[in-house]
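Next come the chains, spelled out residue by residue.
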Amino acid sequence: MNIHRDILWLAVPSIISNITVPLLGLVDVAIMGHIGDARFIGAIAVGSMIFNVMYWLCGFLRMGTSGMTAQAYGRGSRAETSLILRQSLTVALGIGLLIVVLQWPLRQLALWLMGPSPEVAQLIIPYYNICVWGAPAVLGLYAMTGWFIGMQNTRIPMLIAISQNVINILASLFFVFVLHMQVKGVALGTVVSQWTGFLLSLEFRVKSVEFATAAKDNLSQSHDAVANSPLKLNRDIFLRTLCLVAVNLYFTSAGAQQGTLILAVNTLLMQLFTIFSYFMDGFAYAGEALAGRYYGAGDRPMLHRVVKSLFAWGALMVVVFTLLYGLGGEHFLGLLTSDATVIEGSADYFFWALLIPLCGVVAFVWDGIFIGITATRGMLISCFVAALSFFAVWFLGCAALGNHALWLALLIYLLLRGLVQTAIFARDEMRK
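Residues numbered from 1 in each chain as written. Predicted model: local features only at pLDDT ≥ 70, side-chain atom pairs only at ≥ 80, totals over all residues. Heavy atoms only, no water.

Draft legend 1. Geometry of the overall build of the chain. When its secondary structure is counted, the chain shows 18 helices and zero strands. The contacts in the chain between residues at least 6 apart in sequence include a share of 84% that link residues at least 24 apart. Surface exposure of the chain reaches about 19200 Å², of which carbon and sulfur atoms provide 70%. (Helix = DSSP H or I, 4+ residues; strand = E, 2+ residues; numbered from the N terminus. Contact = heavy atoms within 4.5 Å. Areas by Shrake-Rupley, 256 points an atom, 1.4 Å probe, with all protein chains shown as cover.)

Here is the structure:
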């Protein structure tokens, strides 16, 4: 078996899917930008952020589903994979419907936390009121995507992501420029693309010949295997996500407190982290699928081969992106902004961004493996410890180092996540 071929077979479609994700928001901003009123751009930006945070907190629906499904796939249990999907969809759609039911208090809380100007808030409200109806579809697609990854299939999520983007562009253009619906048109186009993506995923599931029918005689055994797992997994992943959200939001907030220029510089340099994460997430998804598969099958030698191979690909990505950023980073920043002041300001902190691949790669790889083997408690512990280190380094160093302390805190946070996970994996292996 060529493990490197299997990794690429799973990673490349996931990378393509990840690259398409920001296009959904970018298209909406671009359409509003051509109307000629800055309020529209602000409304889309804030409105999108509200839903991004909300859905990010529900990321356990995808991650928990992929790990359990991959293990069931490795055990060859068709009934268990079907049961996991039904459980995940039930939870996803239940949370989605709850968001719809509680849309008013959630909206008021979000507006209070974000604090937009009254003019922008007036435009956010109709955008929110329409987009909230896409919540069941978005969360349902999370569960479906996790299931497809667990079933060793990342091509279907890629096709769905591409389809969503095409539909979002066409629908938004039609609603905004033909029906003149402005912000409501963008929101409606987003909802149409979300529901289309979810319905497409259900259609792909129905046409999945290999696992279209479940072996009913194994269903009771499968239920015993997974009945109590989702709650623990989802709890751990949810708490871990809170740590991630806290660090990311505070990084932005701490930059903003240092002035507009530092905020712009940090936002610009973080794009280098974002691009690296798109590629590494692809390999992490491959880790979820393959590590879970061989862990579920009880094939320890193959599991270890997957771990070593993933770290080999991670090392290659570190070399590639460090060279890419080192040789062409300034030109890349010039593509993102024409503001010479921001580009010049970035020079003082650019070396921190160059260290992102080296410091972050281990955490990315382990995240995929830990999700696959459902070692979610280890993910939570590592992220909690790393988050504490982030805030400690920042508060101890901000007075003396300023923004350098913020970047140092971020890199230590990334590095520590990977080191703690390495220690946890090594400890668990010694016990077996």
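Draft legend 2. Geometry of the confidence of the model for the chain. Overall, the predicted model of the chain reaches an average pLDDT of 87, with 89% of residues at or above 70. Between residues 209-228, whose pLDDT stays under 50, and residues either more than four places distant or in other chains, the model counts 31 contacts. (pLDDT = per-residue confidence, 0-100.)

Draft legend 3. Molecular detail of the environment of V362. As for its placement among the helices and strands, V362 is situated in helix α16 (residues 356-372). Along the sequence, V362 and L310 sit 52 residues apart, while their C-alpha atoms lie 9.9 Å from each other. For V362, the contacting residues outside a window of four places in its chain are F311, G418 and T422.

Draft legend 4. Fine view of the pattern of salt bridges. Per the counting criterion, the structure on display carries eight salt bridges. One salt bridge connects D236 with R235, and the closest N-O pair in it is separated by 3.6 Å. Since its relative accessible area comes to 0%, D236 is described here as buried. For R235, a relative accessible area of 40% puts it in the partly exposed group. Ionic pairing is found between D428 and R427, a salt bridge with its closest N-O pair at 3.0 Å. Taking relative accessible area as the criterion, D428 reaches 24% and is therefore assigned partly exposed. One network of salt bridges, with partners in common, ties together R235, D236 and R377. (Salt bridge = Lys/Arg side-chain N within 4 Å of Asp/Glu carboxyl O. Buried < 20%, exposed > 50% of the residue type's maximum accessible area, 1.4 Å probe, protein only.)

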